[in-house]
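Structural description and commentary
Letter by letter, the chains look like this.
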Amino acid sequence: MALKKKEDLRQKNRAIISRLIDVVKVLSKGGKPFRGHSEREDSQEKGLFLELVNLLAKYDPLLKNHIETGPKNALYLSNKIQNDLISAQHNVIFRKLKVKLRGKQITLIADETSDVGHHEQLSVVVRYEDNGVPVETIVGVYRITKTDAETIFTKICEVVVSLGLTWGQIDAVCFDGANTMSGSQNGVQARCKRMNPRMLFVHCYAHCLNLVLVDAVTCKKDNTTAFDFFGVIQCLYAFIEGSPSRHAIFEKVVARCGSQLKTLKTLSTTRWAARAEAVTAISEQLDEIVQTLREIVATTNSPDVKLKGKSILRQLSSFGFLVALNTLEPILQQILTVSKALQGEHVNFSTSMKAVELLKSSLISMKSNDFFGSVYKNTVATCSRMNIKGPEPHGDSEQDYWNTFFLPLIEALVAGIDSRFEQRSTQILRCLEKPSF
């Protein structure tokens, strides 16, 4: 009888813990915070963990009975138990990953960044094959005190050991292009290669494509049309979205025009391909934005707001800006599509290079298929439709913009693709794809 009671109690405790584990899973998958400001009984801010447990208890007699009548020192709801449950699940997942990686060749991916608390963190991902399908799994995010190559390499070594791997199992490492990571003498990739000389270093292709765009727009400052274009977009975002009252005017104008509001987006300082979304939001609402700026200028009582509004409106209504808008919007959309494809979990080398080559071919074809001629004509038509001043007789001809803006932009993008994607690892992988006779 005593043994049966012990077994019943054990099964009951297992059932309770199973429910708490499920709550931890839900919060962890969503990346939600567990704890609130106060976990006292009368608190309205207990945190999501306790709130979900109390919600389940309303419909689960077992959990309700445990919370109401269980021993207060064994409710399994404290912050320490929450941390224990998180650690236990991490250990289970980590052990399963170690089993999956046993005897397999892998690629190790790592990147360093700072969190909102200004702490440096190193994220580590492993890529391996499972039943013929490439799989990427994040191993962890690790706190580091320095961002030098030695510190990062030491942390990667610790991760390799914890996974039960040998350096001979690591076929390649993938980092960004920062000198700390990619340096050929003392960078992290060089230190990894000393552990396994056959290892390949792959500069992240999505990052390469991002740098192609950065180089084409920011490094060619003589292409003032492209260089100034993004400055105007950021100023417009800060002007309208930086003020609730000005955003309200924008919403009112959009509703009056019978359009669907698309919030203006800031320009990402690191993910340049994502700027396509900011450009598209302006391209699709250009009429409404111009009307909004005119209304703000006409109704504001603030001299500095009036001055800023006039300046942005003048830039936004300039023929050069409209040419850049109509040219860059489709180009950025193509780059964004390829960028997302390169970041796909199941993408491989062959599909990656095909996507890049198709992008390159598309850019080259724009020089010969009258793409820019259509853009120029559409820009002239836009000026006429919106009652905006059209091209000047001197300096604004189609040939002028072809020579000073479009051709240099396309050539810089194509040259950037050629140089950024001709890595040593790319050449080796190309050879591996060729059939042997």
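**A look at the overall build of the protein**
Helix and strand counts for the protein come out as 18 helices and 5 strands. The C-alpha radius of gyration computed for the protein amounts to 29 Å, which surpasses the reference 22 Å derived for 437 residues by more than 25%, pointing to a less compact arrangement than a globule. Counting only C-alpha atoms, the protein reaches 100 × 70 × 40 Å along its principal axes. Taking as baseline every contact in the protein between residues at least 6 positions apart, the subset at least 24 positions apart corresponds to 66%. When the accessible surface of the protein is summed, it comes to about 24300 Å², and 54% of that surface belongs to carbon and sulfur atoms.

**Things to note about the packing of aromatic side chains**
By the definition in use, this model includes 12 aromatic pairs. For the ring pair phenylalanine 372 and phenylalanine 406, a centre distance of 4.9 Å and an interplane angle of 20 degrees mean the geometry is stacked. Of this pair, phenylalanine 372 sits in helix H16 (residues 371–385) while phenylalanine 406 is found in helix H17 (residues 398–420), placing the two residues 34 residues apart along the sequence. Taking the relative accessible area as the measure of exposure, phenylalanine 372 reaches 0% and is therefore buried.

**Focus: the environment of arginine 143**
Following the sequence through the fold, arginine 143 ends up in strand E3 (residues 133–143). Measuring from C-alpha to C-alpha, the distance between arginine 143 and glutamate 112 comes to 9.7 Å, with 31 residues separating the pair along the chain. The residues contacting arginine 143, other than those within four sequence positions of it, are His119, Glu120 and Lys155.

**So, the side chain of threonine 225**
By secondary structure assignment, the location of threonine 225 is in helix H9 (residues 224–241). The exposure class assigned to threonine 225 is buried, which follows from its relative accessible area of 17%.

**Looking at the pattern of salt bridges**
A complete count under the given rule lists 14 salt bridges for this structure. Arginine 256 serves as the salt-bridge partner of glutamate 295, at 3.2 Å between the closest nitrogen and oxygen. Pair noted here: glutamate 295 is in helix H12 (residues 286–299) and arginine 256 is in helix H10 (residues 244–256), with a separation of 39 residues, a long-range link. Within the structure, one salt-bridge network assembled from shared partners comprises Lys252, Arg256 and Glu295.

**A look at the side chain of serine 43**
Take serine 43: it is sitting in the loop between helix H1 (2–30) and helix H2 (48–59). A distance of 3.0 Å separates a polar atom in the side chain of serine 43 from the backbone nitrogen of glutamate 45.

**Details of unusual backbone geometry**
Here the phi dihedral of asparagine 131 falls at roughly 55 degrees; this positive angle occurs in a residue that is not glycine. In this structure, asparagine 387 takes a positive phi of about 60 degrees despite not being glycine. For asparagine 387, a relative accessible area of 66% corresponds to the exposed category.

**Notes on the state of the cysteines**
Under the defined criterion, the tally for this structure stands at 0 disulfides. Among the cysteines around cysteine 174, which has no disulfide bond, cysteine 204 carries the closest sulfur, lying 5.0 Å off.

**Quick look at the packing of helix H14 (residues 319–342) against helix H15 (residues 349–365)**
For the pair H14 and H15, interaxial distance at closest approach is 9 Å and the crossing angle is 170 degrees. For the element pair H14 / H15, the angle class is roughly antiparallel. Across from Ile331, Gln334, Ile335, Val338 and Leu342 in H14, the residues of H15 making contact are Ser352, Ala355, Val356, Leu359, Ser362 and Leu363. Looking at side-chain class alone, the contact of H14 with H15 contains 8 nonpolar, 3 polar and no charged residues.

**Considering the packing of H2 against helix H3 (residues 61–69)**
Geometry of a packed helix pair, given as the angle between the helix axes and the separation of the axes. Interhelical geometry of H2 versus H3 gives an angle of 120 degrees and a closest axis separation of 6 Å. Relative to H3, the element H2 is oriented oblique. Remark: the crossing between H2 and H3 carries left-handed chirality. Of the residues in H3, those touching H2 at Val53, Asn54, Leu56, Ala57 and Tyr59 are Pro61, Leu63, Lys64 and Ile67. Taken together, the residues of the contact of H2 with H3 break down into 7 nonpolar, 1 polar and 1 charged.

**Looking at H9**
For H9, with 18 residues, the first-to-last C-alpha span of 26 Å sits near the 26 Å given by 1.5 Å per residue. Among the residues making up H9, those that are buried are Thr225, Ala226, Phe229, Phe230, Val232, Ile233, Leu236, Phe239 and Ile240.

The rules behind each value
Every chain's residues receive numbers from 1 upward, in the order its sequence appears when written. Totals for whole chains, interfaces and linings use every residue, but because this is a predicted model, local features are given only for residues with pLDDT of at least 70 and side-chain atom pairs only at 80 or more, for both listing and counting. Each side-chain value is worked out from all heavy atoms of the structure, with water and hydrogens disregarded. Runs of E in the DSSP output that reach at least two residues are strands. Runs of H or I that reach at least four are helices, and both are numbered from the N terminus. Two things to know: the radius of gyration comes from C-alpha atoms, and the globule rule equals 2.2 Å times the number of residues to the power 0.38. Throughout, a residue-residue contact means that at least one pair of heavy atoms, one from each residue, lies within 4.5 Å. Per-residue accessibility takes into account occlusion by the displayed protein chains alone, with areas from the Shrake-Rupley method and a 1.4 Å probe. Centres within 6.5 Å make a pair out of two Phe, Tyr or Trp rings, where for Trp the six-membered ring is used; the pair is then stacked when the planes are under 30 degrees apart, edge-to-face when over 60, and tilted otherwise. Burial classification: accessible surface area is computed with a 1.4 Å probe over protein chains only, and a residue below 20% of its type maximum counts as buried, one above 50% as exposed, and the rest as partly exposed. The rule for a salt bridge is simple: a side-chain nitrogen of Lys or Arg has to be within 4 Å of a carboxyl oxygen of Asp or Glu. Polar contacts, as counted here, are pairs of nitrogen or oxygen atoms within 3.5 Å of one another; within protein the pair requires one atom able to donate a hydrogen and one able to accept it, and residues that are adjacent in sequence qualify only if both atoms are side-chain atoms. The term disulfide is used for any two cysteine sulfur atoms that are within 2.5 Å. All axes are obtained by fitting lines to C-alpha atoms, using only the stretch in contact for helices, and the reported angles, taken between N-to-C directions, cover 0 to 180 degrees. These descriptions rest on fixed angle ranges, namely under 35 degrees for roughly parallel, over 145 for roughly antiparallel, 65 to 115 for roughly perpendicular, and the rest for oblique. Here the nonpolar group is Ala, Val, Leu, Ile, Met, Phe, Trp, Tyr, Cys and Pro; Asp, Glu, Lys and Arg are the charged ones; every other residue, Gly included, is treated as polar. Here a crossing is called left-handed whenever its near helix is offset anticlockwise from the far helix by less than a right angle, and right-handed whenever the offset is clockwise. One less than the number of residues in a helix, times 1.5 Å, gives the span that helix is expected to have.

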